[in-house]
Amino acid sequence: MDYGLDIFGGKWKPRILCILGHVNSMRYGELKAQMENISDAALADSLHELQQAGIINRRQYNEMPIRVEYSLTAEGKSLIPVLNTISNWAIKHSDAGIYTGKHFEKVHRAKFEN
C-alpha cells in the first residue's frame, strides 16, 4: 500500500492520472487547464515524478515552439481501474458540490445526477 501511495498518491497525481486516462495524450497547458487550481511548480513536479516512476510518457517534438505531450504508459494504464474504484467510492460517499474543474464537469458530474 505504501509503495502505491508513494507512486500515485497525493493531492495532484491521482487527478493527473485520471485526466490522462481519458485521452490518448495531452499537452501541458491543456492538462493545467483541466486541473484549474494547480500551480506550475506542482504540476511540473508531479509530472516529473510520474515520469520517473514509469507511469507517464513525456514526448517532446522537435518543433518551434517546442511541443510536449504526456500520456500514460502501460503501467500507468494499469492504475485506471484502481482510480476508477476510488472515484466510484467517492461518488457514493460525497456531494458534487465539493468538486470543481473542467475534467469533473466533463467526466464525473453526470454520475452524481443518477
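Attention here is on the structure that accompanies the text. For clarity, every value in this text was computed on a predicted model and none was experimentally measured. (Residues numbered from 1 in each chain as written. Predicted model: local features only at pLDDT ≥ 70, side-chain atom pairs only at ≥ 80, totals over all residues. Heavy atoms only, no water.)

1. Focus on the side chain of Ser 46
We count it as follows: Only runs of H or I of at least four residues qualify as helices and only runs of E of at least two qualify as strands under DSSP, and these elements are numbered from the N terminus. Type-normalised accessible area, obtained with a 1.4 Å probe on protein chains alone, sets the label of each residue: buried when under 20%, exposed when over 50%, and partly exposed for intermediate values. Residue contacts follow a heavy-atom distance rule, with two residues in contact if any of their heavy atoms lie within 4.5 Å.
In this structure, Ser 46 sits in helix H4 (residues 40-52). On the basis of relative accessibility, which here comes to 9%, the residue Ser 46 falls in the buried class. Not counting the four nearest positions on each side in its chain, Ser 46 is found in contact with Trp 12, Lys 13 and Ile 16.

2. Considering unusual backbone geometry
The general pattern is negative phi for most residues beyond glycine and trans for most peptide bonds. For the bond from Met 64 to Pro 65, the omega torsion is -5 degrees, close enough to zero to count as cis. Positionally, Pro 65 belongs in the loop between strand E2 (56-61) and strand E3 (67-72).

3. Let's talk about the sheet that holds E3
Quick note on the threshold: A pair of strands is considered paired only if DSSP assigns at least 2 bridges between the two.
Across the sheet, which stays open at both edges, the 3 strands sit in the order E1-E3-E2 with antiparallel pairing between neighbours. Among the strands making up the open sheet, the edge pair consists of strand E1 (26-27) and E2. Relative to E3, E2 runs antiparallel, the two sharing 6 bridges. In the strand pairing of E3, Gln 60 is matched with Val 68.

4. Digging into helix H6 (residues 80-93)
Quick reminder: α-helices carry 3.6 residues per turn. Residues three or four places apart thus point the same way. Cut-off, in case you're wondering: For a helix, the expected span equals 1.5 Å multiplied by the residue count minus one. To obtain the arc, one takes the directions from the helix axis to the C-beta atoms.
For H6, spanning 14 residues, the distance from its first C-alpha to its last is 20 Å, which sits close to the expected 20 Å at 1.5 Å a residue. Along H6, the positions that sit buried rather than exposed are Ile 80, Leu 83, Ser 87, Ala 90 and Ile 91. Looking straight down H6, one finds that the buried residues subtend no more than 100 degrees of arc, so they occupy a single side. Seen from the open side of H6, the exposed residues pointing more than 90 degrees away from its buried face are Pro 81, Thr 85, Trp 89, Lys 92 and His 93.

5. What about the packing of aromatic side chains?
Rule in force here: Geometry of aromatic contacts follows a simple scheme: Phe, Tyr and Trp rings, the Trp one being its six-membered ring, pair when their centres are within 6.5 Å, and the pair is stacked under 30 degrees between planes, edge-to-face over 60, tilted otherwise. Geometrically, a lysine NZ or arginine CZ counts as sitting over a ring once it is within 6 Å of the ring centre and also within 35 degrees of the ring normal.
Overall, the coordinates contain 0 aromatic pairs when judged by the stated rule. For Arg 67, the ring lying beneath its charged end belongs to Tyr 61, and the centroid distance is 3.6 Å.

6. Remarks on the packing of helix H3 (residues 28-35) against H4
Selection criterion: Convention adopted: a line fitted to C-alpha atoms gives each axis, helices being fitted over their contacting stretch, and angles between N-to-C directions are expressed from 0 to 180 degrees. For any pair of crossing helices, the crossing counts as left-handed if the nearer helix is rotated counterclockwise from the farther one by less than a right angle, and right-handed if it is rotated clockwise.
Viewed as axis vectors pointing N to C, H3 and H4 meet at an angle of 115 degrees, and their least axial separation amounts to 11 Å. For the crossing formed where H3 meets H4, the hand is right-handed. Counted together, Tyr 28, Leu 31, Lys 32 and Met 35 of H3 and Asp 40, Leu 43, Ala 44 and Leu 47 of H4 form the full contact between these two elements.

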